[in-house]
Amino acid sequence: MTELRFDQWTNLYASRVSKMRSSEIREMMAVTGRPDVISFAGGLPDTRVFPVNQIVEATQRVMLREGPEALQYGTTEGHEPLKRHIVGMMSEWGVDVGIDDLIITDGAQQALEFLGKIFISRNDVIIVEAPSYVGALQAFSGYEPTVVAIPLDGSGMRTDILAERLEELAKLGKQPKFLYTIPNFQNPAGVTLIEERRREIVKLSEIYGFIVIEDDPYGRLRFSGDDVPLLRSMDESVIYLGTFSKIFAPGMRLGWVIAPKAVLEKLILAKQAANLCSSSFVQRVTEEYMSQFDWRQNVEVLIDLYRERRNAMLAALEEFFPEGATWSHPQGGLFIWASLPEGLDSGEMLAEAIREAKVAYLSGRACYVGKGGDNSMRLNFSYCSTETIEEGIKRLGAVIKGQLVLYRSLLKGYSPEPKQGESK
Ligand SMILES: Cc1ncc(COP(=O)(O)O)c(C=O)c1O
């Protein structure tokens, strides 16, 4: 395809198109897919741990047992045996639901898009964490919301600030539609929302009448510490998003959403309009795998592998990043969030990091709506081997130190005009 230089259809697009954020992740993938670049940019599981042989076997069994039926359209709500399996898993995770309380989606990402569609009219207020998951910001932004971003600290969303903002909004007569949180090993920050704050959020949602969306792709990938109860276990009106991407394989593109019945009805309409149903074939293969093979054992393998890689990254950061840099110490998930010494700009540094050092990361700014994240970066530790992690962080550390020297020399060279009465 020839390169697009000029878009002759600009006047034909719907106005919302101008509000759609391009996903920096997708654009970065093009560069970081190059074999000579060490990429900490994506959020990819390691392909080597996908249970390929078991999937071959599960596929064969499904085809032999169900034949053409497995290739037919399915119901919009999803394949019942798979839903039953999810009900079982949710109960282990402290949430009691029936199969009619959830639908299957094409990954959690599709659920995010649907939630944007059914809840957000132009300029409606929604609440997100700052920083937040780029893909969610992208899904919501197409519906043109006013986004209120609440900062995180090491214990998750700052509920004290949330309470203040809610009061201010109420005074202005504005009711937020929903609050979106990734409570476990947050993407991108790696932090986990503590129980006390989860309860606080649920309480505030009752007071101010907004709905809580709990997006939980990483909750099963815990390396240390104890599970924190899910928000959905505290309140049945919480919308819970789950996915097979991180406990099985993202290429299956399957997730689920648990929601109150009335909301579920709207989601089913959105799903019908979008793609009628998720692949009935893939749902069957996934169900066969989850029910007939030891998927928990495979998750244990993932946990051990990712823990080792997190440790390697933490050690490398300690060794190669300059003084003044800080980073999160996640107890699970896929990401570390690092902040560079004041004055450095991770977005501006990225081109140099890729070009000169052949190492890539996601710049913090992509994870914010509006201002924020200038000196931060998200580093993924699940995809590269421990040796590659060490080499990549070493190279990145050198780029940062080089930038720091440059920044400080510029500062020294800069002498402000003397104020009145001051000598130069
Ligand atoms: C917080 C969060 N939500 C949703 C998704 C999308 O997941 P899925 O593969 O289920 O669409 C991701 C993917 O990385 C994520 O990090």
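Residues numbered from 1 in each chain as written. Predicted model: local features only at pLDDT ≥ 70, side-chain atom pairs only at ≥ 80, totals over all residues. Heavy atoms only, no water.

**With respect to the overall build of the protein chain**
Scanning the protein chain for helices and strands turns up 12 helices and 14 strands. The C-alpha radius of gyration computed for the protein chain amounts to 23 Å, which stays within 12% of the reference 22 Å derived for 424 residues, consistent with globular compactness. Expressed as a percentage of its 424 residues, the buried residues of the protein chain come to 53%. Counted over contacts in the protein chain with a minimum sequence separation of 6, partners at least 24 positions apart contribute 75%. Taking the 47 positively charged and 57 negatively charged side chains of the protein chain as two groups, their mean positions are separated by 4 Å. (Helix = DSSP H or I, 4+ residues; strand = E, 2+ residues; numbered from the N terminus. Rg over C-alpha atoms; globule rule 2.2 N^0.38 Å. Buried < 20%, exposed > 50% of the residue type's maximum accessible area, 1.4 Å probe, protein only. Contact = heavy atoms within 4.5 Å. Lys, Arg positive; Asp, Glu negative; His and termini not counted. Charge placed at Lys NZ, Arg CZ, Asp CG, Glu CD.)

**Some details on helix α11 (residues 346-357)**
Here α11 contains 12 residues, and its C-alpha end-to-end distance of 14 Å is more than 12% below the 16 Å for a straight helix at 1.5 Å per residue. Where α11 starts, the residue carrying a side-chain oxygen 2.9 Å from the main-chain nitrogen of G347 turns out to be D345. Positive backbone phi, at 55°, marks K358, one or two positions downstream of α11. (Expected span 1.5 Å × (residues − 1). Polar contact = N/O pair within 3.5 Å; in protein donor to acceptor, adjacent residues only side chain to side chain.)

**Thoughts on the packing of helix α3 (residues 80-92) against helix α9 (residues 280-292)**
At a closest axis distance of 9 Å, the pairing of α3 and α9 adopts a crossing angle of 40°. Between α3 and α9, the angle is such that the two are oblique. Taken as a pair, α3 and α9 cross one another with a handedness that is left-handed. Mapping the contact onto sequence places P81, L82, H85 and M89 in α3 and Q283, T286, E287, M290 and S291 in α9. Among the residues forming the contact of α3 with α9, the class breakdown is 4 nonpolar, 4 polar and 1 charged. (Axes fitted to C-alpha atoms, helices over the stretch in contact; angles between N-to-C directions. Parallel < 35°, antiparallel > 145°, perpendicular 65-115°, else oblique. Left-handed = near helix turned anticlockwise from the far one by under 90°. Nonpolar A, V, L, I, M, F, W, Y, C, P; charged D, E, K, R; others polar.)

**A closer look at a nonpolar patch on the surface**
On the surface, a cluster of nonpolar side chains totalling about 520 Å² of accessible area is made up of W9, L12, Y13, V17 and M20. Along the polypeptide, M20 turns up in the segment before α1 (24-32). For M20, a relative accessible area of 47% corresponds to the partly exposed category. (Patch = residues over 30% accessible without salt bridge, like charges linked within 9 Å, V, L, I, M, F, W, Y side chains within 5 Å. Areas by Shrake-Rupley, 256 points an atom, 1.4 Å probe, with all protein chains shown as cover. Salt bridge = Lys/Arg side-chain N within 4 Å of Asp/Glu carboxyl O.)

**Describing the side chain of N380**
One can find N380 in strand β14 (residues 376-380). Its relative accessible area of 1% is what places N380 among the buried residues. Side-chain polar atoms of N380 contact the backbone nitrogen of Y383, separated by 3.3 Å. Filtering out sequence-adjacent residues up to four positions away, N380 remains in contact with F40, G42, G43, L44, M313, L334 and F335.

**Description of the packing of helix α4 (residues 107-119) against helix α5 (residues 134-141)**
Two quantities define a packed helix pair, namely the angle between the helix axes and the distance between the axes. Packing of α4 against α5 leaves a shortest axis separation of 8 Å and a crossing angle of 35°. Regarding α4 and α5, the two cross each other, and that crossing is right-handed. Seen from α4, the contacting residues are Q109, L112, E113 and G116; seen from α5, they are G135, A136, A139 and F140. Looking at the contact of α4 with α5, its residues break down into 4 nonpolar, 3 polar and 1 charged.

**A closer look at the sheet that holds strand β9 (residues 255-258)**
Read from one edge of the open sheet, 8 strands run β2-β9-β8-β7-β6-β3-β4-β5, paired in mixed fashion. Each end of this open sheet is capped by a strand with a single partner; those strands are β2 (102-105) and β5 (156-157). Relative to β5, strand β4 (residues 146-153) runs antiparallel, the two being bridged by 2 bridges. Paired with D153 across the two strands is G156, which belongs to β5. (Pairing = 2+ DSSP bridges.)

**Quick notes on the sheet that holds strand β11 (residues 335-339)**
In space, the 4 strands of this open sheet follow the order β10-β11-β14-β13, with antiparallel pairing throughout. Taken across any chain shown, the strands that pair with only one partner, and hence form the sheet edges, are β10 (326-327) and β13 (362-363). With 2 bridges connecting them, β10 and β11 associate as antiparallel partners. By the bridge assignment for β11, W327 is matched with A338.

Function cannot be inferred from these measures alone, as they are strictly geometric.
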